[in-house]
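Structural features, examined
Residues per chain, in single letters:
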Amino acid sequence: GESVGLHLPTLSVQEGDNSIINCAYSNSASDYFIWYKQESGKGPQFIIDIRSNMDKRQGQRVTVLLNKTVKHLSLQIAATQPGDSAVYFCAENSGGSNYKLTFGKGTLLTVNP
Amino acid sequence: ETGVTQTPRHLVMGMTNKKSLKCEQHLGHNAMYWYKQSAKKPLELMFVYNFKEQTENNSVPSRFSPECPNSSHLFLHLHTLQPEDSALYLCASSQVQGGGSREQYFGPGTRLTVT
């Protein structure tokens, strides 16, 4: 079936290090991917998105990489800060119904000062 | 108010109660969504409304009843819930348009506890 999942449920890094959060998806028809950050007591917040015609996209301190061959998505956070501590979700959309996102389980990122 | 707001933020109800969750979006979007977020599970899409019309019901039990009176407001009416329905209920909105961003904007959620 179609699914989006995360390899690591938890990730602990030192402040200032780079973080990499991974995501696998199984729907080969997916053409749009998005990363969300959810802090405790808040709803998910958009970080960055990428379309399937790209393999890399950069934002402020974040980079998303897409490997369609192996159906893998990653989020890289440079110089991780304590404020980056949160749960990170990837989500995918297959374009047919462009309003429906399928979410992965989430990875808890903890940044140690 | 800006973005997506949800009320109440916390709700405790008994299994025989009837309550409603409210969501309002101030972004001019044309689609709204209800999600359920339980511990150790991915976000589960419950309902989708596009231009006030329900376009998705993800096999949700009838004890959850959505209502979308206009494109800015979304309700989730609850009755005779079960303890396993305790979760964070998230509302989101987006602008559905060809070729545009598919980002959904989320509210802060309602933490529901069924006793």
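Reading the values: rules and limits
Residues numbered from 1 in each chain as written. Chains lettered and ligands numbered in written order. Predicted model: local features only at pLDDT ≥ 70, side-chain atom pairs only at ≥ 80, totals over all residues. Heavy atoms only, no water. Phe/Tyr/Trp six-rings, centres within 6.5 Å; stacked < 30°, edge-to-face > 60°. Helix = DSSP H or I, 4+ residues; strand = E, 2+ residues; numbered from the N terminus. Buried < 20%, exposed > 50% of the residue type's maximum accessible area, 1.4 Å probe, protein only. Disulfide = S-S within 2.5 Å. Contact = heavy atoms within 4.5 Å. Buried area = accessible area lost by both parts, 1.4 Å probe. Salt bridge = Lys/Arg side-chain N within 4 Å of Asp/Glu carboxyl O. 1 Å grid on protein atoms, 1.4 Å probe; cavity = no way out; pocket = protein on both sides within 12 Å on 5 of 7 lines; lining within 4 Å. Points joined across faces, edges and corners; volume = space filled by probe spheres on them. Nonpolar A, V, L, I, M, F, W, Y, C, P; charged D, E, K, R; others polar. Core = buried A, V, L, I, M, F, W, Y, C linked by side-chain atoms within 4.5 Å.

A few words on the packing of aromatic side chains. The final tally for this structure, using the stated rule, is eight aromatic pairs over all chains. Both rings, one in F103(A) and one in Y35(B), keep their centres 5.6 Å apart while their planes meet at 90°; by these two values the pair is edge-to-face. Placement of F103(A) in strand β10 (residues 102-103) and of Y35(B) in strand β4 (residues 31-37) is noted, with the two residues assigned to different chains. The burial state of F103(A) is the same as that of Y35(B); both residues are buried. Between F103(A) and F106(B) the ring centres are 6.0 Å apart and the planes differ by 75°, which places this aromatic pair in the edge-to-face class. Here the residue F103(A) occupies a position in strand β10, and F106(B) occupies one in strand β10 (residues 105-106), the pair thus bridging two chains. Taken individually, F103(A) and F106(B) each receive the classification buried, so the pair is uniform in this respect. Every member of this aromatic cluster is reached through a ring pair, and the members are Y36(A), F103(A), Y33(B), Y35(B) and F106(B).

Take the state of the cysteines next. Tallied over the full model, the rule gives two disulfides over all chains. A sulfur-sulfur distance of 1.8 Å marks the disulfide that ties C23(A) to C90(A). Note on the C23(A) and C90(A) pair: the S-S dihedral is about 50°, so by sign convention the disulfide is right-handed. Pair noted here: C23(A) is in strand β3 (residues 19-25) and C90(A) is in strand β9 (residues 86-93), with a separation of 67 residues, a long-range link. For C23(A), a relative accessible area of 1% translates into the label buried. A residue is classified by how much of its surface remains accessible, and C90(A), at 0% relative accessible area, is buried. Sulfur-sulfur distance for the disulfide between C23(B) and C91(B) comes to 1.9 Å. Since a negative S-S torsion denotes a left-handed disulfide, the C23(B)-C91(B) link at about -75° is left-handed. Of the two residues, C23(B) is situated in strand β3 (residues 18-25) and C91(B) in strand β9 (residues 87-94); the sequence distance between them amounts to 68 residues. Each of the two residues, C23(B) as well as C91(B), counts as buried.

With an omega dihedral of -10°, the bond running from T7(B) to P8(B) counts as a cis peptide bond. Counting through the fold element by element, P8(B) comes out in the loop between β1 (4-7) and β2 (10-13). The phi angle at R61(A) is positive, at roughly 65°, despite the residue not being glycine. Look at A79(A): it is not a glycine, yet its phi comes out positive at around 45°. Along the chain, A79(A) falls in the loop between β8 (72-77) and β9. Overall, A79(A) belongs to the partly exposed group, its relative accessible area being 35%.

With 23 residues of chain A at the interface, the matching set in chain B holds 27 residues. Both faces combined, the contact of chain A with chain B buries some 1,900 Å², and carbon together with sulfur accounts for 51% of it. Between chain A and chain B we count two salt bridges in total. For the salt bridge of R102(B) with D31(A), the shortest nitrogen-to-oxygen distance reads 2.7 Å.

Before going further, it helps to examine the layout of surface pockets. Roughly 320 Å³ of internal volume is contained in the second largest pocket. For the second largest pocket, the lining is made up of 21 residues, of which K36(B), E44(B), L45(B), M46(B) and N58(B) are closest to its centre. Mapped onto the lining of the second largest pocket, the elements with two or more residues apiece are β10 of chain A together with β5 (44-50) of chain B. At three residues, β5(B) tops the list of elements feeding residues into the lining of the second largest pocket. In the lining of the second largest pocket, the residues fall into 10 nonpolar, four polar and seven charged.

This part takes up the nonpolar core. Among the nonpolar cores identified, the biggest contains 22 residues, and W34(B), F64(B), L76(B) and L78(B) are the most heavily contacted of them. When residues of this core are traced back to their parent elements, those giving at least two are β2, β3, β4, β5, β7 (64-70), β8 (73-79), β9 and β11 (110-114) of chain B. In contact with L78(B), other than residues within four places in its own chain, are L11(B), M13(B), N17(B), K18(B), K19(B), L21(B), R63(B), F64(B) and L112(B). I21(A), W35(A), A86(A) and L109(A) belong to the second largest nonpolar core, which has 20 residues in total.

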